[in-house]
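The primary structure of each chain is shown beneath.
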Amino acid sequence: MTPVISETGKVPSPPTNDFKRELLALLPSLRAFAISLCRNGTRADDLVQGTILKAWGNQTSFQPGTNMKAWLFTILRNEYFSQMRKAGREVSDPDDFFTNNLAVHPAQDGVMDLNDFKKALDTLPADQKEAIILIGASGFSYEEAAEIAGTAVGTMKSRVSRARLRMQEILNIKDVGEFGPDAASAPTVIRAFVER
Amino acid sequence: MKTTNKDLGVTSQIGEQLKALYRSIEEEPIPDHFLDLLEKLDEAETRASSTMKECE
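Predicted model, so just to flag it, every value in this text is computed and none were measured. Here, residues in each chain are numbered from 1, in the same order as that chain's written sequence. Key to labels: chains lettered from A, ligands numbered from 1, both in the order written. Totals for whole chains, interfaces and linings use all residues, but because this is a predicted model, local features are given only for residues with pLDDT of at least 70 and pairs of side-chain atoms are given and counted only at 80 or more.

A.B. asks: Now, about the overall build of chain B: what can you tell me, with residues and values included?
C.D. replies: Helices and strands together make up the secondary structure of chain B, namely two helices and zero strands. Counting other C-beta atoms within 10 Å of its own, a residue is labelled buried from 20 upward, exposed at 12 or fewer, and partly exposed in the gap between, with every C-beta atom placed from the backbone. Here chain B holds 56 residues, and the buried ones make up 16% of them. Numbering goes from the N terminus for both helices and strands, where a helix is a DSSP run of H or I of at least four residues and a strand is a run of E of at least two.

Written out as structure tokens, the structure is:
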């Protein structure tokens, strides 16, 4: 396609409708990310709205053909974490592993209740929650998730592993053979503790 | 090499629950105010660009 250039030689901004269409198509996913991240409908709505406004205002800085989903998620999570920091909230918990926050008493029959699951998710430090959502639900690769969160791939992996371990512990999933760290992630987890 | 998210475990209950939770939100209809907001932004931009053309 030949690029359209205006009479004055200026390159016009990318077609608004394409941008809008793509943004619209990504809204359900963006909203699911916001709600799973902050568990507060009103706040999640504000985050999504802020992201739409910011994305719209910066659409010339978006490179068509690149991953718009990752771009939008980055805008949203940056806003979320900046609000957390401004409010003086901890976004990470360096001593998390043995800080049991066992407010959840899951069913004994092995069936996990959705509310228990949500509560368990809420006990995670924000950076670990973000990691497990991006990797486990939003469908990003570790590389993409690391870029979104502005961190290293190894850090992303260890956050996911620690989040998973903590969730297993809270939800009382004891079967390490089936659900425990696999051979690939265990060294990452161990390294994460040794490095501290 | 591209790593995959396999080791979150397709068999893991946690992975499954998380996906189910996420999917259930994704499947909810988009609240009207987001659509209204996008309409307004689009209109404002169209108006602004037509005003610019008139000035040229």
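A.B. asks: Outline the overall build of chain A, listing residues and values.
C.D. replies: Each helix and strand in chain A was counted, giving nine helices and zero strands. Seen in sequence order, chain A has helices and strands lined up from the N terminus as α-α-α-α-α-α-α-α-α. Of all 196 residues assigned to chain A, the portion counted as buried reaches 34%. For every residue pair, C-beta atoms are placed from the backbone, and the pair is scored as a contact if these atoms sit within 7 Å. Taking all contacts inside chain A whose residues are at least 6 apart in sequence as the whole, residues at least 24 apart take part in 63%.

A.B. asks: Which residues make up the environment of Thr51(A), and what values do they have?
C.D. replies: Position of Thr51(A) relative to the elements: it lies in helix H2 (residues 41-57). If sequence neighbours within four positions are ignored, Thr51(A) has contacts with Leu30(A), Leu72(A), Ile75(A), Leu76(A) and Glu79(A).

A.B. asks: I'd love a proper account of helix H4 (residues 114-122) of chain A, names of residues and values included.
C.D. replies: If you check which residues of H4(A) are buried, you get Phe117(A), Ala120(A) and Leu121(A). For H4(A), the buried positions fall inside an angular range of 100° around the axis, keeping them on one side. Where H4(A) is buried, its residues contact helix H5 (126-136) and helix H7 (153-170) of chain A together with helix H1 (13-26) of chain B. Directions from the helix axis toward the C-beta atoms define the arc.

A.B. asks: Please give an account of H5(A) that cites residues and values.
C.D. replies: When you tally the buried positions in H5(A), you get ten out of eleven residues, the bulk of the element. Those residues of H5(A) not exposed but buried are Asp127(A), Gln128(A), Lys129(A), Glu130(A), Ala131(A), Ile132(A), Ile133(A), Leu134(A), Ile135(A) and Gly136(A).

A.B. asks: Hey, could you go over the confidence of the model for chain B for me, with residue numbers and the actual values?
C.D. replies: Detailed reading of the predicted coordinates is not advisable wherever pLDDT is low. Residue and element names in this part refer to chain B. The score called pLDDT rates the predictor's confidence residue by residue, from a low of 0 to a high of 100. Residue-level pLDDT values for chain B average 78, and 71% of them are 70 or greater. Contacts from residues 1-11, a stretch scored under 50 in pLDDT, to residues over four places away or in other chains number 22 contacts. Among the scores for the predicted complex, ipTM is 0.75 and pTM is 0.75.

A.B. asks: Break down unusual backbone geometry for me, citing the residues and quoting the values.
C.D. replies: All names here are of chain A. Notably, arginine 39 is not glycine yet its phi reads approximately 55°, a positive angle. Tracing the backbone shows arginine 39 in the loop between helix H1 (16-38) and H2. In this structure arginine 39 comes out as partly exposed when scored by C-beta crowding, with 14 C-beta atoms within 10 Å.

A.B. asks: Describe the packing of helix H3 (residues 68-86) of chain A against helix H6 (residues 142-149) of chain A, naming the residues involved and giving the relevant values.
C.D. replies: Residues and elements named next belong to chain A. Here, axes are lines fitted to C-alpha atoms. For helices the fit covers the stretch in contact, and angles between N-to-C directions go from 0 to 180 degrees. Direction vectors running N to C along H3 and H6 enclose 40°, while the axes themselves pass 8 Å from each other. Relative to H6, the element H3 lies oblique. Viewed along their axes, H3 and H6 form a crossing whose handedness is right-handed. Taking contact as the criterion, the partners of Ala70, Phe73, Thr74 and Arg77 in H3 are, on H6, Glu144, Glu147, Ile148 and Ala149. In the scheme used here, Gly and all other residues not listed as nonpolar or charged are polar, with Ala, Val, Leu, Ile, Met, Phe, Trp, Tyr, Cys and Pro taken as nonpolar and Asp, Glu, Lys and Arg as charged. Considered class by class, the residues forming the contact of H3 with H6 number four nonpolar, one polar and three charged. Oblique is the label for any angle not covered by the other classes, which are roughly parallel (under 35 degrees), roughly antiparallel (over 145) and roughly perpendicular (65 to 115). Take the far helix as the reference: if the near one is turned anticlockwise from it by less than a right angle, the crossing is left-handed, and if turned clockwise, right-handed.

A.B. asks: If you had to explain the confidence of the model for chain A to someone new, which residues and values would you point to?
C.D. replies: Residue and element names in this part refer to chain A. When pLDDT is averaged along chain A, the result is 79, and 70% of the positions lie at 70 or above. When pLDDT is averaged over each element of chain A, H6 comes out on top at 97 and helix H8 (residues 176-179) at the bottom at 45. Counting interchain partners and residues more than four positions distant, the pLDDT-below-50 stretch residues 1-7 has four contacts. Low pLDDT, under 50, characterises residues 175-183; the predicted model gives this stretch eleven contacts beyond four residues in sequence or across chains.

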